[in-house]
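Structural overview for review
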Amino acid sequence: MHAHYGAGGDGGGGRRAAPLQGDAGLYFLGSLHELVAVGLHRPALEALCAGQRDLAEPPIDRAYLLKVLDEEISRQFGHPLRPLIELVLNAADAARGPQPLVDVAVTDGRVDVCDTGVGMGLRAILSRLLIPFATDKRPGIDLGRFGVGFFSVLGFGLSDPESFSLHLTTGDGIEGWAIRVVPWPGAGDEPDPPASAPEEVGRARGRASPELAAALMCSVRRIAPLLGTRVRVTSALLEASAVRAYLRDALHFFPASRALVLLDGAAVNDGRLISGGQLVQEPIAPAGGARGRAPAGEARTTAAGEARATAADEAAEAQGPALLARFHIGGRGLLPSISAATFHAGVKVDACLALAELALIDFPAAVELTEGRDALKVGPEFTAAATAFYRRLIQLAAASGEGRRTRDRLAEMAAQISALMLQSAGWDEVARDLARALLGPGRCMVTPERREALLGFLGPSVAERLFVPESFWAEREWQPHLPGERELLEDELELDPAETLSALARRRGDLAGLPLLLARAANPHTTLVALCRSRLPPDRGVAGAAASRRAPGAPPLAPPLPAAAGRRPPGPLPCLGTRRLLLIRDDSPAVRRPSGWSDWYALRAAFDRASGVREADLERDLIVGEPVDGAACAAPRPGERTSGGEP
């Protein structure tokens, strides 16, 4: 196998490759997968590092190697520009100094990522950079995790191979090396791969062979010694404004202590892109882990408690310091491209565009990523960070003394973050505490479309008890943890047993508004209704509440207590439809003794809405139907048939 080519060579793959201009120091020119095979075979690697011209053919299964490389190059991230973030992470890990710097320069069709940290010699390039998953990253210390950032960038060459190139220069201060990866000449046109790339691999992947790793040509050249690394990616897919917006969105919360990221010379993570809000750091421990400690200041009152606490402290010290998460709550991005997002070590994972507030979460490095490498894996550390964030919202509301409107907004935001950003991790454990702290006692969740009907039926004084989520996500998260409309009605009203509307009209002749409802019903003999009224307050005693309830057939109720006696006054709507039946307020003036057009209109419109009549049909009926007046709604005379057909 020829690797150190000098003035020429066959590229190691059967395809004749013209030597590059100025080939002094050229160590390799051929297919990328052939160079990877050299890195996997120690004798070939040592020979290439020694500058030998003729290398033994590495005993590597080429078909399997091509399959692995192809999978890594073509693997799709959640965002098409995410491979650029991988380059920034690698640069941040390599950066050194009191204030490490990563310099990113963007122009149309090109992105440069530079650092002045620890570069690589040829041995490191061959054994780590070019070998997928052969990373030397330190878990919990370095940001990189899987060792596939270099190969993910090669994916830009799949969609537009003619415009793609990857040029990397690196050095450790003693050596300097340049690696260039481009498609083989004509790879975008010719259907035939190099001879060393079996055709069955392309067929197995179901794609054209030029998209395989075999279609990439690589050169390795010795250059003057340097310190640091520069990676230049060229592709027509890199539109400058889109790349800049994505990098700002993804990196503006990156910890500046790890590296200050300069985008075209301007810092993106020094805090200037966020206004307002509060940045806090929270030591956390995995859920159920040994690192959980008693809250600060908690008294250890018993010998057993002291022993348990001491044992927990010793276990915590044995496992190392607690994890550290960062939260930025309530800020706003100064640029339109910046949205709320989840982060792993400062790197955006998933956008959350539904939030008006900018809530950023920097997860500890111990939180694992999924196999796809662009989504967080829910586990004990992830859940612990999520729970700590929710509890920080509680502390924020308590410390700032925010009013009800702000607390409701915090409750909305917490539920949206749980659903859209944190995959509901830790939500069930902390939701009730959040509800007590942010919403207060007695709050019930109702949907936006039911709010006006409930206020009209129960009266405006009940508004303080309603929590109306603004989004589907908040409704989904809060529904299992908050009482709803049914509990609100049972708590606010004294409800009689259900009966048919026709039976109620016969039994309660004292309620003058019932004849109109009887005339409006499509079938009063099957329409289930229940009389109700405002509940007496608790200090009125059990006897008063019991006296207000009656069994069917009992004498008519006495006139309701006035509002001054403690009952909530009824709302303007005398009827409300529920899933089971239709509620009618017998303490509503429109039901007891309707007088005037407004009462008749309230009865008619409220009953039609409660019965499920569409709003458009209701309005049309009011316009073209019979006038709403007392004469038209008089009780049926003896022998006259009602709409139900019963005399």
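Analysis parameters
- Residues numbered from 1 in each chain as written.
- Predicted model: local features only at pLDDT ≥ 70, side-chain atom pairs only at ≥ 80, totals over all residues.
- Heavy atoms only, no water.
- Helix = DSSP H or I, 4+ residues; strand = E, 2+ residues; numbered from the N terminus.
- Buried < 20%, exposed > 50% of the residue type's maximum accessible area, 1.4 Å probe, protein only.
- Contact = heavy atoms within 4.5 Å.
- Areas by Shrake-Rupley, 256 points an atom, 1.4 Å probe, with all protein chains shown as cover.
- Core = buried A, V, L, I, M, F, W, Y, C linked by side-chain atoms within 4.5 Å.
- Phe/Tyr/Trp six-rings, centres within 6.5 Å; stacked < 30°, edge-to-face > 60°.
- Lys NZ or Arg CZ within 6 Å of the ring centre and 35° of its normal.
- pLDDT = per-residue confidence, 0-100.
- Axes fitted to C-alpha atoms, helices over the stretch in contact; angles between N-to-C directions.
- Parallel < 35°, antiparallel > 145°, perpendicular 65-115°, else oblique.
- Left-handed = near helix turned anticlockwise from the far one by under 90°.
- Pairing = 2+ DSSP bridges.
- Polar contact = N/O pair within 3.5 Å; in protein donor to acceptor, adjacent residues only side chain to side chain.
- Salt bridge = Lys/Arg side-chain N within 4 Å of Asp/Glu carboxyl O.

**Observations concerning the overall build of the protein chain**
Counting secondary structure elements, the protein chain contains 22 helices and 22 strands. Here the protein chain holds 647 residues, and the buried ones make up 49% of them. Pairs at least 24 residues apart make up 72% of the contacts formed inside the protein chain by residues separated by at least 6 positions. For the protein chain, the accessible surface area stands at approximately 29400 Å², while carbon and sulfur atoms represent 55% of it.

**Let's talk about the side chain of aspartate 408**
Along the chain, aspartate 408 falls in helix H12 (residues 404-420). Apart from residues no more than four positions distant in its own chain, aspartate 408 is found in contact with Leu438, Leu439, Arg443 and Phe467.

**Here's the deal with the nonpolar core**
Residues Val104, Leu154, Leu247, Phe389, Leu422, Leu434 and Trp478 are the most contacted members of the largest nonpolar core, which totals 122 residues. The greatest single-element share of this core, amounting to 10 residues, is contributed by helix H11 (residues 380-400). Discounting residues that sit within four places of it in the chain, valine 104 has contacts with Val88, Val111, Asp112, Val113, Leu247, Val261, Leu262, Leu263 and Asp264. Residues Leu504, Leu511, Leu514 and Cys575 belong to the second largest nonpolar core, which totals 21 residues.

**A few points about the packing of aromatic side chains**
In this structure the tally under the stated criterion is 9 aromatic pairs. Ring geometry for phenylalanine 327 and phenylalanine 389: centres 5.5 Å apart, planes at 70°, overall edge-to-face. Of this pair, phenylalanine 327 sits in strand S12 (residues 323-333) while phenylalanine 389 sits in helix H11, and the two are 62 residues apart along the sequence. A residue is classified by how much of its surface remains accessible, and phenylalanine 327, at 0% relative accessible area, is buried. Aromatic rings pair up to connect Phe327, Phe389, Tyr390, Trp427, Phe467 and Trp478 into one cluster. The residue whose ring lies beneath arginine 326 is phenylalanine 253, and the NZ or CZ to ring-centre distance is 4.5 Å. Between arginine 585 and the ring centre of phenylalanine 457, over which it is positioned, the NZ or CZ distance is 5.6 Å.

**Description of the confidence of the model for the protein chain**
Keep in mind that low pLDDT regions are not for reading the predicted coordinates in detail. When pLDDT is averaged along the protein chain, the result is 76; 74% of the residues meet or exceed 70. Predicted confidence for residues 188-211 stays below pLDDT 50, and this span has 44 contacts to residues more than four positions away or in other chains. In the model, residues 631-647 has pLDDT below 50 throughout and makes 23 contacts with residues more than four positions away in sequence or in other chains.

**A few points about the packing of helix H2 (residues 42-49) against helix H5 (residues 122-129)**
Running from amino to carboxyl end, H2 crosses H5 at an angle of 150°, the nearest separation of the two axes being 9 Å. Taken together, the axes of H2 and H5 are roughly antiparallel relative to one another. For H2 against H5, the interelement crossing comes out right-handed. In this structure, H2 uses Leu45, Glu46, Leu48 and Cys49 to contact H5, whose residues at the interface are Leu122, Arg123, Leu126 and Ser127.

**Here we look at the pairing of strand S7 (residues 227-234)**
Regular strands place side chains that alternate from one sheet face to the opposite one. As defined by bridge partners, strand S3 (residues 110-115) adjoins S7 across 6 bridges and the pair is classed as antiparallel. Paired with valine 111 across the bridge in S7 is valine 233. Of the pairings in the sheet, the one linking strand S4 (residues 165-172) to S7 comprises 8 bridges and is antiparallel in character. Residue leucine 166 lies in a different strand from S7, and its bridge partner there is valine 233.

**With respect to the sheet that holds strand S2 (residues 101-107)**
In space, the 9 strands of this open sheet follow the order S1-S6-S5-S4-S7-S3-S2-S8-S9, with mixed pairing throughout. Every interior strand has two partners, whereas the edge strands, strand S1 (26-31) and strand S9 (266-267), have only one. As judged from the 4 bridges shared by S2 and strand S8 (residues 260-263), these two strands associate in the parallel manner. By the bridge assignment, valine 104 is partnered in S8 with leucine 263. Packed on one face of the sheet, helix H1 (residues 32-40) meets S1 and strand S6 (216-223) and runs near 120° to S1.

**Details of the side chain of glutamate 485**
Assignment of secondary structure puts glutamate 485 in helix H16 (residues 485-492). Looking at glutamate 485, its side chain comes within polar contact range of the side chain of arginine 450, at 2.6 Å.

**A few points about the pattern of salt bridges**
If you walk through the whole model with that rule in mind, you get 30 salt bridges. A salt bridge links arginine 123 to glutamate 46; its shortest N-O distance comes to 2.7 Å. Placement of the pair is arginine 123 in helix H5 and glutamate 46 in helix H2, with a sequence separation of 77 residues. As a salt-bridge pair, aspartate 362 and arginine 326 come within 2.9 Å of each other at their nearest N and O atoms. You can see aspartate 362 sitting in strand S15 (residues 358-363) and its partner arginine 326 sitting in strand S12, a full 36 residues away along the chain. Judged by relative accessible area, which is 7%, aspartate 362 ranks as buried. Assessed through its relative accessible area of 15%, arginine 326 is described here as buried. In this structure, a network of salt bridges that share partners links the residues Arg110, Asp112, Arg230 and Arg232.

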